[in-house]
Number of protein chains: 2
Amino acid sequence: MNAEIIAIGSELLTPFRQDTNSLYLTEKLNQLGVEVIFKTIVGDSREHLTGAASLALLRTDIVIFIGGLGPTEDDLTREAVADALQLELRRDPEIVASLERRFAARRYKMTANNSKQADVIAGATVLANANGSAPGQWLTGKYEDKEKIIILLPGPPHELAALFEEQCIDRLRAKLPAQSIATRVLKIAMIAESQCDARIAPIYKRYPDVQTTILAGAGEIQVHLQTRGASLEVAQKRVDQLVEELEEELDEFVYSDNGDSLEQIVSYYLQMRNSTVAAAESCTGGLLAERLTSISGSSRYFLGGAVVYSNEVKTKFAGVPAELIEKHGAVSREVAMALAEGIRERCGATFGIGITGVAGPTGGSVEKPVGLVFHALAGERGTEVVQRNFPGDRQRVRWFATTQALDMVRRKLM
Amino acid sequence: MNAEIIAIGSELLTPFRQDTNSLYLTEKLNQLGVEVIFKTIVGDSREHLTGAASLALLRTDIVIFIGGLGPTEDDLTREAVADALQLELRRDPEIVASLERRFAARRYKMTANNSKQADVIAGATVLANANGSAPGQWLTGKYEDKEKIIILLPGPPHELAALFEEQCIDRLRAKLPAQSIATRVLKIAMIAESQCDARIAPIYKRYPDVQTTILAGAGEIQVHLQTRGASLEVAQKRVDQLVEELEEELDEFVYSDNGDSLEQIVSYYLQMRNSTVAAAESCTGGLLAERLTSISGSSRYFLGGAVVYSNEVKTKFAGVPAELIEKHGAVSREVAMALAEGIRERCGATFGIGITGVAGPTGGSVEKPVGLVFHALAGERGTEVVQRNFPGDRQRVRWFATTQALDMVRRKLM
């Protein structure tokens, strides 16, 4: 079966806002074995929406409408879908009563316009919304002689997700051919996309039944795998088998096979090893500390950091000798090592990280071009340094460099 | 005139990728006075794409196709649009020659599939693509007796933008009724959305001819204004007049009326006043330093920062007395002040910023709940502190807190 998602709201047709609910719904639908073949974004116009609904009903099996279920004049999804289906809207007294109770509980008097949220398309099942006032609707039936499933969902993401998970997934599964979908995701750090693909393509090509999607970011590659089977066991076994082969090939480049972020993995390792970390950053300007502390509970292992932009501060906070900076330049292997060792000692941490480089767009030279970064990791048994030349703009270079540093900690503790 | 944007590519129908080109195009089209009334996302299927094209031609004046112009079998936009228009594709020998030159310059031999990029819909104008191999196409004509404009653009954002700006905007303007659009954006910091709207709604409602869009983020509100007029002068004067009234009402809450970011504004002020800044952050974990140093050239005014997660590091890097922390707790007005004053002194900066708070989700208490943050700004003439209770998750609290701190610097230098 296939589906169309229709996101409704004039704000989604401005330069400022974008539908994101469809990404969530697509993931859930794919897991059920349903492919999304169209997405339509339409404004708060009854005519446009009715047209979009009619067309979607002609071209797809499942049509999901997002938004336009509120109490205002602009909320026209119920009316438009009823028009498209040539069905009546009936005001449901139970929903009216529940809306009135909802308002009374907040000591508000319900205004008349709210009642329209109780209008139900003839034959539809009401999907109660625990997190908001507008209920959803579920409807099945024939359109132009073909079986269709029609779902109306509220626009706020947390309302939509709760309602879809609790009230739509089982209903959909009952309508779909018996099959099971298994998914896995591998996350891989600090390997070029082309190099990664060259290594794994010969493997995943031997699994044509597993859908393989490769996404590349700055310093990170994600491999999403999905397959169908007669049972979940069969499907899971198949995708696990591919994961095993890929992990064997990529070995230590793989940092996660269960969806965890690199920050989270580093967090686990540091806690497992009773280790702590401190960082002295120049060109990354605090981004490494920010990523390390983005994990709740990071105070257990992150002791502190210094953002050492000026040379004086490099000396003051990380004890880098002024002569060393003068001799080798602030962007150098030696200064990266001194930053890592200095911050480790001053914070009394198991590991110290030092980063210095040229984030750009200015400050580069022939000898030390934009994108050149030195990363040092100091531990009890010495200091290692990795030199890299990252491509891209300031933001991308900074992201690459912090990913490299996090990956060095991961590899050290692996 | 109105428009539909059709974004093409099966990857745009996965949970992982989203069309973003349409946001850029919508902004440009709105500036020309064209409203986008539909967006459609369709996969690499000739049948689906032809259907979507036919429908768009029926319901809108301008149809813009994004993507699907490359050399692979999946690139079917040219074929599908020609099908929908019932026009032929003709291979343009000039484009073939130019593709061959492009490959030769890179010392590659052009493979045969690349030639399909030279297929031009009968009657279309070729839009040369300086940044990629696939040219765009521009076509006008009647469809079901109505004048239509059809534009095919390549998917990579930088190719699309260059091609649209250089080769489509003037062509579109020539086809559109003579009118001029003026836009402005006001950016406002650290005021609640409801409070902001209560103050400005009475003003902008007196300008029904100006389209007002209010967007709220964590600590920041943007007011986008747009109006049309017989000439650019007339339109600009009208929107400028509203901006003046809004700025008078919101006064020092407005930090920018030309699109500049808060980080950029703080950068200008610091440079104008020959001032420098240093930061000692606890709960924001380096995000403030990261935002300050996201601006190229920030080394001129940002001396350094300390991420002081543990109490020992608060003492070591910012000289906060251990007794002070013990007496008032790490999250306190007193410790925020000591952080700001300590980091100012140690870095020799004009201003020192200290932030301490509870970012959550753990670590909160009845007395010091999640979201409580103290922000201190130390200068030559003393230290000021702002206490806030921010709503939202860890990420949102951290963003709020750093926006508050940046705004304190801005107000001090204003």
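All figures in this text were calculated on a predicted structure; none of them were measured in a lab.

Analysis parameters
Residues numbered from 1 in each chain as written. Chains lettered and ligands numbered in written order. Predicted model: local features only at pLDDT ≥ 70, side-chain atom pairs only at ≥ 80, totals over all residues. Contact = placed C-beta atoms within 7 Å. Helix = DSSP H or I, 4+ residues; strand = E, 2+ residues; numbered from the N terminus. Nonpolar A, V, L, I, M, F, W, Y, C, P; charged D, E, K, R; others polar. Pairing = 2+ DSSP bridges. Buried ≥ 20, exposed ≤ 12 C-beta atoms within 10 Å, placed from the backbone. Axes fitted to C-alpha atoms, helices over the stretch in contact; angles between N-to-C directions. Left-handed = near helix turned anticlockwise from the far one by under 90°. Least-squares fit on C-alpha atoms with pLDDT ≥ 70 in both. Arc of directions from axis to C-beta. Domains from an automatic or database assignment. Core = buried A, V, L, I, M, F, W, Y, C linked by C-beta atoms within 7 Å.

A. Structural context of the interface of chain A and chain B. Between chain A and chain B, the residue contacts involve 50 residues of the former and 50 residues of the latter. Contributing elements (two or more residues each) for the side of chain A that touches chain B: α1 (21-31), β2 (35-42), α2 (46-59), β10 (211-216), α10 (287-292), β14 (302-308), α11 (311-318) and α13 (333-347) of chain A. When the residues that make up the side of chain A that touches chain B are grouped by side-chain class, the tally is 23 nonpolar, 20 polar and 7 charged. Of the strand pairs in this sheet, β14(A) and strand β14 (residues 302-308) of chain B are connected by 5 bridges, and their pairing is antiparallel. Opposite A:Gly304, over in β14(B), you have B:Val308 as the bridge partner.

B. Structural view of the environment of A:Ser194. All names here are of chain A. For Ser-194, the position within the fold is in helix α7 (residues 193-204). Residue classification places Ser-194 among the exposed residues on the basis of 9 C-beta atoms within 10 Å. Along the chain, Ser-194 and Ala-104 lie 90 residues apart, while their C-alpha atoms are 61 Å from each other.

C. Region of interest: the sheet that holds β14(A). If you trace the 10 strands from one edge of the open sheet to the other, you get β17(A)-β16(A)-β15(A)-β13(A)-β14(A)-β14(B)-β13(B)-β15(B)-β16(B)-β17(B), paired in mixed fashion. Among the strands making up the open sheet, the edge pair consists of β17 (382-389) of chain A together with β17 (382-389) of chain B. This sheet shows a mean twist of 10 degrees between the axes of neighbouring strands, independent of strand direction. The strands touched by α11(A) are β13 (277-281) and β14 of chain A together with β14 of chain B; relative to β14(A), the strand with the most contacts, the crossing angle is about 155 degrees.

D. Up close: the packing of helix α9 (residues 262-272) of chain A against helix α14 (residues 394-413) of chain A. Residue and element names in this part refer to chain A. The contact between α9 and α14 brings their axes to 9 Å, and the two run at 35 degrees. Note on packing geometry: the crossing formed by α9 with α14 is left-handed. Residues Leu-262, Glu-263, Ile-265, Val-266, Tyr-269 and Leu-270 of α9 form the contact with α14, whose own contacting residues are Thr-403, Leu-406, Asp-407, Val-409, Arg-410 and Leu-413. Class assignment for the residues of the contact of α9 with α14 results in 8 nonpolar, 1 polar and 3 charged.

E. How the structure looks around the sheet that holds strand β9 (residues 180-189) of chain A. All names here are of chain A. The sheet built from 4 strands is open, its strands ordered β10-β11-β9-β12 with antiparallel pairing. Each of the sheet's edge strands pairs with one partner strand only, and the pair in question is β10 and β12 (254-256). Adjacent strand axes in the sheet meet at a mean angle of 30 degrees when their direction is disregarded. Taken together, the 10 bridges between β9 and strand β11 (residues 220-229) define a ladder with antiparallel strand orientation. Directly across from Thr-183, in β11, lies its bridge partner Gln-226. Helix-sheet contacts for α7 involve β9, β10 and β11, and the interaxial angle to β10 is about 170 degrees.

F. Fine view of the relation of the copies chain A and chain B. In screw terms, the move from chain A to chain B is a rotation of 180 degrees and a rise of 0.0 Å along the axis, fitting with an RMSD of 0.1 Å. What the rotation and shift describe, once combined, is the action of a two-fold rotation axis. The fraction of interface residues of chain A whose copies in chain B are also interface residues reaches 100%, indicating that both copies meet through the same surface.

G. Examining helix α5 (residues 157-167) of chain B more closely. All names here are of chain B. Looking at α5, one finds that the buried residues are Glu-159, Leu-160, Leu-163 and Phe-164. What you see down the axis of α5 is that its buried residues fit within an arc of 115 degrees, all on one side. Exposed and oriented more than 90 degrees from the buried face of α5 are Pro-157, His-158, Glu-165 and Glu-166. Next to the buried residues of α5 lie α1 (21-31), β3 (62-66), β6 (125-127), β7 (136-143), β8 (146-153) and α6 (169-175).

H. Structural view of the domain arrangement of chain A. All names here are of chain A. You can read the domains of chain A as domain 1 (2-175), domain 2 (180-256) and domain 3 (262-413). Just the C-alpha atoms count here: the centres of domain 2 and domain 3 sit 31 Å apart. At the junction of the two partners, domain 2 supplies 8 residues and domain 3 supplies 11 residues. Here the residues of the side of domain 2 that touches domain 3 sort into 4 nonpolar, 2 polar and 2 charged.

I. Here's a closer look at unusual backbone geometry. Residues and elements named next belong to chain A. Residue Pro-361 follows Gly-360 across a cis peptide bond; omega there is 0 degrees. Along the chain, the position of Pro-361 falls in the loop between β15 (351-357) and β16 (372-379). The phi dihedral of Asp-251 falls on the positive side, at around 50 degrees, and the residue is not glycine. With respect to the element layout, Asp-251 can be found in the loop between α8 (232-250) and β12. Taking the number of C-beta atoms within 10 Å as the measure of exposure, Asp-251 has 9 and is therefore exposed.

J. Region of interest: the pairing of strand β15 (residues 351-357) of chain B. All names here are of chain B. Counting buried positions along β15 yields 7 of 7 residues, so the element is predominantly enclosed. Taken together, the 5 bridges between strand β13 (residues 277-281) and β15 define a ladder with parallel strand orientation. Bridged to Val-277 within β15 is Phe-351. By the bridge criterion, 6 bridges tie β15 to strand β16 (residues 372-379) in an arrangement that is antiparallel. Paired with Thr-356 across the bridge in β16 is Phe-374.

K. Spotlight on the nonpolar core. One finds A:Val277, A:Leu339, A:Ala340, A:Ile353, B:Val277, B:Leu339 and B:Ala340 to be the most contacted residues of the largest nonpolar core, which totals 144 residues. Setting aside its immediate chain neighbours within four residues, A:Ile353 contacts A:Val277, A:Ala279, A:Leu288, A:Ala340, A:Ala376, A:Leu377 and A:Ala405. Counting residues in each nonpolar core, the second largest holds 92 residues, with A:Leu85, B:Val34, B:Phe65 and B:Ala80 among its members.

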